[in-house]
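Letter by letter, the chains look like this.
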Amino acid sequence: MRQVEKGKFGSLPIRIYRVLTGRSIHGRDNVVAYTFLSIPLIYFSLFFFLPISMDFLGSLYEGPSLISEGAKFIGLGNYAKILRDQTFLSSLRATFFFMLGTTGVSVALALFLAVLLNEKLMFRGIMRSIIFFPFMTSLVIIALIWSVIYDADVGLLNWLFIKVGLPPQGWISDPNTALISMVIMSIWWETGYNMVIFLAGLQGIPQEYYDAASVDGANALQSFRYVTLPLLAPATFFVVIISFFNSCQAFIQPYVLTQGGPSQATNLAVFNIYNVAFLHLRLGEASAMAFFIFLIVLLVTATLFRFWRTEVEY
Amino acid sequence: MIRNPAVKLFVYGFLAVTCFVMIIPFVYMVSLSLCSDSEIFHFPPPLVPEKLMFSNAIRAWGSAPFFRYFINTVIVAGSITVLHLFFDPLAGYTFAKFRFFGRDKLFMLIISTSLMIPFFVRMIPLYIIVSRLGWTDTYFGLIIPFIMHGYGIFLMRQFIMPIPNDYIDSARIDGCTEFGIFLRIILPMCKPALITDGLFTFIYNWNAFLWPLIVINSPNMRTLTLGLLVFRQEHFIQWNLMAVGALFLFLPAFMVFLVAQRYFVRGVVMSGLKG
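For every chain, the first residue of the written sequence is number 1, and numbering continues from 1 along that sequence. For this description, chains carry letters from A and ligands carry numbers from 1, given in the order in which they are written. Local features in a predicted model are, by the rule used here, given only for residues with pLDDT of at least 70; side-chain atom pairs are given and counted only at 80 or more, and totals for whole chains, interfaces and linings are based on all residues.

Caption draft 1: Main features of the overall build of chain A. Secondary structure assignment for chain A yields 15 helices and two strands. Residue burial in chain A is summarised as follows: out of 314 residues, 42% are buried. Any residue pair is listed as a contact if its two C-beta atoms, each placed from the backbone, are within 7 Å. Partitioning the intrachain contacts of chain A with sequence separation of at least 6 by distance along the chain shows that 64% fall at a separation of at least 24. Here a strand is any run of E in DSSP of at least two residues, a helix any run of H or I of at least four, and the numbering for each starts at the N terminus. Our exposure labels follow a C-beta count within 10 Å of each residue's own C-beta, placed from the backbone: buried means 20 or more other C-beta atoms, exposed means 12 or fewer, and partly exposed covers the counts in between.

What follows is the structure in structure tokens.
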């Protein structure tokens, strides 16, 4: 047997023999490991791998679903259909705006807050907790409160607007401002989370770098630009990815705040998929929508990875 | 250190305004919950109600089966958390300390599918699977699809890897069973990571909404988030009662946050490290 062994785990037949009998170089590792992993593997197969492949397969069939009788294979027909579907296309536009608005503003604001709260200030810990807190609260509650705050007639926000001499707005009842209102609420919700990650990143930057910068005569703005920002690149990357990921999945905001209205202004992608699948029962199309959006998200993430990698290795 | 007084004033001013904006919706929720039925439509809206209507809480509690919703949520979020605290470290330990066929590929597969694929991709097939299993409208349907997660497994693996193998080897020599090693040696050592994992899992599932909305039909099985929205549809005008309902959902999570605040912050930081 000895001579046949190649590399660490031996040649293929030996490897297969070892997997089947559980006899590896490391004793009973295979048997014990796969026993421990048996339930996790069944779980991930049934609730992750299977649904993901089913989503793609289901998007190729017409009718209520892949498993139901009478489902007809139509290839990419569903994709052709959804790309002509105005509701879907407008939901893509709304989602894109929502993602860009939420991520852009919230990441910038979080970075600013993190830099301020990294200084030695009074009440620093309490202020950090307060800003972080909304993220730990259910979005259902948050959307409920904000729906009252945004109320056009007696809401808190319009009262404030009148006080400072601005014209009251329709907020979530006006198609022009509904999506922006939703973006504002989501920024309010997730900025604290982004801030905590930035704070962790800031604490990893050694003080010596700042000392060196100030010896070289850099002012606060310059040391931010040339020390903080480059060294925070990994944290920034992570925050942007997470924020994109969270906002492409936004569902509770439209469901509780606006039901996708007025005139579909806030019909975000996942809310739209939910309606197509579970209200109109067009599961094939809904699966195609989900897979299509997933591909876009994957593409954006991959592009960001590419772009950022070169950026980080300065 | 900021030395310039003008800058200092600006920093404090900005932070004070931010904190105020962060708090005010919660204050508004509490004050709404204490308003009388007529007072909620006053303009400007009252931040401190004239008369504190504590009876609103009893009225709201009585007008919907909130107790039932509460129990359902505790059962679902609680069981999911307990199962996470068993399976996440079990899988994490296996990936950290065993050498077996296909380990790294399997680990990458699990991590990437559960961290990089958004839930809406799995949503529809998951519903089909769960209804084929006959689990719609049951606790099973709410619990079983969420009993572990790639994030928790990753966290546990990272935490267990630096534990010296000597602990495991000497337990083996002393005749401890493989499962006994996990249960008696590894699990107790993971306490800090378990706290973080458990807290996040609990809060996340306490707040869960989309999946219960899909899988639950009967009023008896509603969780708090679902029940709250049904309650809003029935009492659309009565914001004060709606605010009370929101507080029912809010307060337990708030208390958990207050008690365990530092673990949450640490958890976010740990999740940031993997990036």
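Caption draft 2: Seen up close, the overall build of chain B. The helix and strand inventory of chain B stands at 14 helices and zero strands. Radius of gyration here uses only the C-alpha atoms, and the compact-globule reference equals 2.2 Å multiplied by the residue count raised to the power 0.38. Taken over C-alpha atoms, the radius of gyration comes to 24 Å for chain B, far larger than the 19 Å a tight globule of 275 residues would show. For chain B, with 275 residues in total, the buried portion stands at 41%. Residue pairs in contact within chain B that sit at least 24 positions apart in sequence constitute 73% of those at least 6 positions apart.

Caption draft 3: Seen up close, the domain arrangement of chain A. Residue and element names in this part refer to chain A. Marked domain ranges trace back to an automatic or database domain assignment. Entries for chain A in the domain assignment read domain 1 (2-79) and domain 2 (80-312). Taken residue by residue, the interface counts 13 residues in domain 1 and 13 residues in domain 2. When contributions to the side of domain 1 that touches domain 2 are tallied by element, the ones reaching two or more residues are α3 (38-58), β1 (61-62) and α4 (77-83). Each residue is assigned to one class: nonpolar for Ala, Val, Leu, Ile, Met, Phe, Trp, Tyr, Cys and Pro, charged for Asp, Glu, Lys and Arg, and polar for all the others, Gly among them. The class makeup of the residues in the side of domain 1 that touches domain 2 is five nonpolar, six polar and two charged.

Caption draft 4: How the structure looks around the interface of chain A and chain B. With 76 residues of chain A in contact, the opposing surface of chain B contributes 66 residues. Looking at the side of chain A that touches chain B, the element that brings in the most residues is α3(A), giving 14 residues.

Caption draft 5: Structural view of the domain arrangement of chain B. Along its sequence, chain B is organised into domain 1 (5-57) and domain 2 (65-222). The distance between the C-alpha centroids of domain 1 of chain B and domain 2 of chain B comes to 39 Å.

Caption draft 6: Highlighting the environment of Pro254(A). Residue and element names in this part refer to chain A. If you trace the backbone, Pro 254 turns up in helix α13 (residues 252-258). The class of Pro 254 is buried, set by 29 C-beta atoms lying within 10 Å. Once the C-alpha coordinates of Pro 254 and Ala 288 are considered, the two residues, 34 residues apart in sequence, prove to be 21 Å apart. When sequence neighbours within four positions are dropped, the list of residues in contact with Pro 254 reads Gln 259, Gly 260, Thr 266, Asn 267, Leu 268 and Phe 271.

Caption draft 7: Up close: the packing of helix α7 (residues 139-149) of chain A against helix α1 (residues 5-33) of chain B. In this description, a line fitted to the C-alpha atoms serves as the axis of each element, helices being fitted only across the stretch in contact, and the angle between N-to-C directions of two axes falls anywhere from 0 to 180 degrees. Interaxial distance between α7(A) and α1(B) falls to 10 Å at its minimum, and their mutual angle equals 80°. Comparing the axis directions of α7(A) and α1(B) gives the class roughly perpendicular. Mapping the contact onto sequence places Ile145(A), Trp146(A), Val148(A) and Ile149(A) in α7(A) and Pro25(B), Tyr28(B), Met29(B) and Leu32(B) in α1(B). Here the contact of α7(A) with α1(B) is built from residues that sort into eight nonpolar, no polar and no charged. Each angle is binned into one of four classes, with values under 35 degrees roughly parallel, values over 145 roughly antiparallel, values of 65 to 115 roughly perpendicular, and all other values oblique.

Caption draft 8: The arrangement of α3(A) in detail. Residues and elements named next belong to chain A. Here a helix's expected span is defined as the number of its residues, less one, multiplied by 1.5 Å. A rise of 1.5 Å per residue sets the reference length of α3, with its 21 residues, at 30 Å; its end C-alpha atoms lie 28 Å apart and thus fit the reference within 8%. Each residue is assigned a bend, namely the angle between axes fitted to the seven residues that terminate at it and the seven residues that start at it. Of all the bends in α3, the largest measures some 40° and sits at Ser 45. By the burial criterion, the buried members of α3 are Pro 40, Tyr 43, Phe 44, Phe 47, Phe 48, Pro 51, Met 54, Asp 55 and Gly 58.

Caption draft 9: Examining the nonpolar core more closely. In plain words, the nonpolar core is the set of buried Ala, Val, Leu, Ile, Met, Phe, Trp, Tyr and Cys residues that C-beta atoms within 7 Å link up. With 157 residues, the main nonpolar core has Val140(A), Ile145(A), Phe198(A), Ile273(A), Ala290(A) and Ala246(B) as its most contacted residues. Other than its neighbours up to four places away in sequence, Val140(A) contacts Ile252(A), Val256(A), Phe209(B), Thr225(B), Leu228(B) and Leu229(B).

Caption draft 10: Representation of the confidence of the model for chain B within the structure. Confidence along chain B averages 87 in pLDDT terms, with 96% of residues attaining 70 or more. For this predicted complex, the interface confidence score (ipTM) comes to 0.88, while the overall pTM stands at 0.87. How sure the predictor is of each residue is captured by pLDDT, a score from 0 to 100.

Caption draft 11: Geometry of the environment of Tyr34(A). All names here are of chain A. Within the fold, Tyr 34 resides in helix α2 (residues 29-36). The class for Tyr 34 is partly exposed, based on 18 C-beta atoms found within 10 Å. Taking the C-alpha atoms as reference points, Tyr 34 and Thr 87, 53 residues apart in sequence, are found 47 Å from one another.

Caption draft 12: Layout of the confidence of the model for chain A. All names here are of chain A. Confidence along chain A averages 84 in pLDDT terms, with 87% of residues attaining 70 or more. Within chain A, helix α5 (residues 86-117) carries the highest mean pLDDT (94), whereas helix α1 (residues 12-21) carries the lowest (61). Long-range and interchain partners of residues 1-7, a stretch whose pLDDT sits below 50, account for six contacts in this model, where long-range means more than four residues apart.

Caption draft 13: Broad picture of the environment of Ala208(B). Residue and element names in this part refer to chain B. Looking at the secondary structure, you find Ala 208 in the loop between α10 (191-206) and α11 (210-215). C-beta crowding within 10 Å serves as the criterion here: with 22 such atoms nearby, Ala 208 is assigned to the buried category. Here the alpha-carbon distance between Ala 208 and Leu 226, two residues 18 residues apart in the chain, equals 9.2 Å.

Caption draft 14: Just unusual backbone geometry, in detail. Residues and elements named next belong to chain A. Residues other than glycine seldom take positive phi values, yet Phe 123 does so here, at roughly 60°. For Gln 264, which is not glycine, the phi torsion reads 60° and is therefore positive. Here Gln 264 lies in the loop between α13 and α14 (269-279).

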